[in-house]
Amino acid sequence: MNDAPIGMFDSGIGGLTVMKAVMRRLPAESIYYFGDNARGPYGPRNLPEIRDFSLEIASFLEAMGVKLIVIACNSATSAGLLEVQRKCQVPVLGVVEPGARGAVQATLNRRIGVIGTIATIKSRAYLKAIRALDAGASIHSRACPSLVGFVERGEVGGTDIEEEVRRYLRPLLKRRIDTMVLGCTHYPLIHEVIADAMGDSVNVISSDEEIAREVEENLSRRGYLRSPHKTPSYRFMCSGSVEQAIRLGRLFLGPEVERVEKVDLPLPGVPA
Ligand code: DGL
């Protein structure tokens, strides 16, 4: 048994979709969540920069004593997972591989769509992860740069976002995909808008449930799960606006987001 918390991070509130899935599956686990909302969105930034942010945050969380780190952001996973795994002492899980696995298992015609930020699509991380599981799969990707902004503003419904989503997804519909991966942890918050635009013939997969399963397996095999009778503690931290983090955190995660601590950049406890 290991009572230490799980550490998670994202460029903002998107990773809360992953946190929610982990809370549902492992209700006794404590979680420290860091949203880098001073520097997010990450999607338009270049990959080395996102990788450096990821290394900084992972090292900050590790210094706080977490037992496992989940990079709850596709852009950060695509840019920095391997480097963060190399630098950290604790295990580090990313969100790309679980999403890719979910899609490969679900597709019937082996035609898979992937949507994500510019950084994620440019990195070809999904292409590599899907091909590693099914070398014959046909993959159709599309960057949807403006969607994260809609979600971070709390605009998760209405005609503006519906039109924007339809505009992005039209080319994918023509590709006869039967499965589409939400390759950004912000997108489950607009799951319905996306599913409506794709229609009934397309299975929309998000990695949150897949990653929650992986977290459970990882902790269970190590004997690191907390006793199921214990009460968890949650700690929310962000680098930018606390007011925005609380408002959106409550909206998307729930009343657990009582308090958010502001941590100034550069993050403390990070070895030079
Ligand atoms: N939620 C993130 C992702 O999964 C980050 C989006 C962004 O910051 O642009 O890629």
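Quick summary incoming for the structure in this document. Because the structure is predicted, anything quoted here is derived from the model rather than measured.

Quick notes on the layout of surface pockets
Turning to step 1, where the next piece is worked out: There is about 280 Å³ of room inside the largest pocket.
Turning to step 2, where the next piece is worked out: Together, 16 residues line the largest pocket, and T77, S78, L81, L82 and A125 are the ones closest to its centre.
Turning to step 3, where the next piece is worked out: Looking at which element gives the most residues to the lining of the largest pocket, the answer is helix α3 (residues 74–87), with seven residues.
Turning to step 4, where the next piece is worked out: The residue makeup of the lining of the largest pocket, split by class, is eight nonpolar, five polar and three charged.

Here's the deal with the sheet that holds strand β8 (residues 203–206)
Turning to step 1, where the next piece is worked out: If you trace the four strands from one edge of the open sheet to the other, you get β6-β5-β7-β8, paired in parallel fashion. Looking at strand neighbours, the two that pair on one side only are β6 (138–143) and β8, the edges of this open sheet. Direction aside, neighbouring strands of the sheet carry axes that sit 25° apart on average.
Turning to step 2, where the next piece is worked out: Across four bridges, the pairing between strand β7 (residues 179–183) and β8 is parallel. Paired with M180 across the two strands is V204, which belongs to β8.
Turning to step 3, where the next piece is worked out: On the sheet, helix α9 (residues 191–198) packs against β5 (111–116), β7 and β8 and is oriented at approximately 150° with respect to β7.

Thoughts on the site of the ligand
Turning to step 1, where the next piece is worked out: Residues in contact with the ligand amount to 13 residues; listed here are only the nearest, S11, Y42, N74, S75 and H186.
Turning to step 2, where the next piece is worked out: D10 places a polar side-chain atom, nitrogen or oxygen, 3.0 Å from a nitrogen atom of the ligand.
Turning to step 3, where the next piece is worked out: Between the ligand and the protein, one listed contact pairs an oxygen atom with a backbone N or O atom of T185 at 2.8 Å.
Turning to step 4, where the next piece is worked out: In isolation the ligand exposes 300 Å². Once the protein is present, 99% of that is buried.

Brief notes about the nonpolar core
Turning to step 1, where the next piece is worked out: Counting 54 residues, the largest nonpolar core has L169, M180, Y187, I194 and V215 as the members making the most contacts within it.
Turning to step 2, where the next piece is worked out: Per-element accounting of this core gives the leading share, six residues, to helix α1 (residues 16–25).
Turning to step 3, where the next piece is worked out: Those residues within four positions of Y187 in sequence are excluded, and the remaining contacts are I115, G116, T117, C144, L147, V148, L182 and I194.
Turning to step 4, where the next piece is worked out: With 26 residues, the next largest nonpolar core counts I69, V92, M237 and V263 among its residues.

What counts as what
- Residues numbered from 1 in each chain as written.
- Predicted model: local features only at pLDDT ≥ 70, side-chain atom pairs only at ≥ 80, totals over all residues.
- Heavy atoms only, no water.
- 1 Å grid on protein atoms, 1.4 Å probe; cavity = no way out; pocket = protein on both sides within 12 Å on 5 of 7 lines; lining within 4 Å.
- Points joined across faces, edges and corners; volume = space filled by probe spheres on them.
- Helix = DSSP H or I, 4+ residues; strand = E, 2+ residues; numbered from the N terminus.
- Nonpolar A, V, L, I, M, F, W, Y, C, P; charged D, E, K, R; others polar.
- Pairing = 2+ DSSP bridges.
- Axes fitted to C-alpha atoms, helices over the stretch in contact; angles between N-to-C directions.
- Contact = heavy atoms within 4.5 Å.
- Near = heavy atom within 4 Å.
- Polar contact = N/O pair within 3.5 Å; in protein donor to acceptor, adjacent residues only side chain to side chain.
- Areas by Shrake-Rupley, 256 points an atom, 1.4 Å probe, with all protein chains shown as cover.
- Core = buried A, V, L, I, M, F, W, Y, C linked by side-chain atoms within 4.5 Å.
- Buried < 20%, exposed > 50% of the residue type's maximum accessible area, 1.4 Å probe, protein only.

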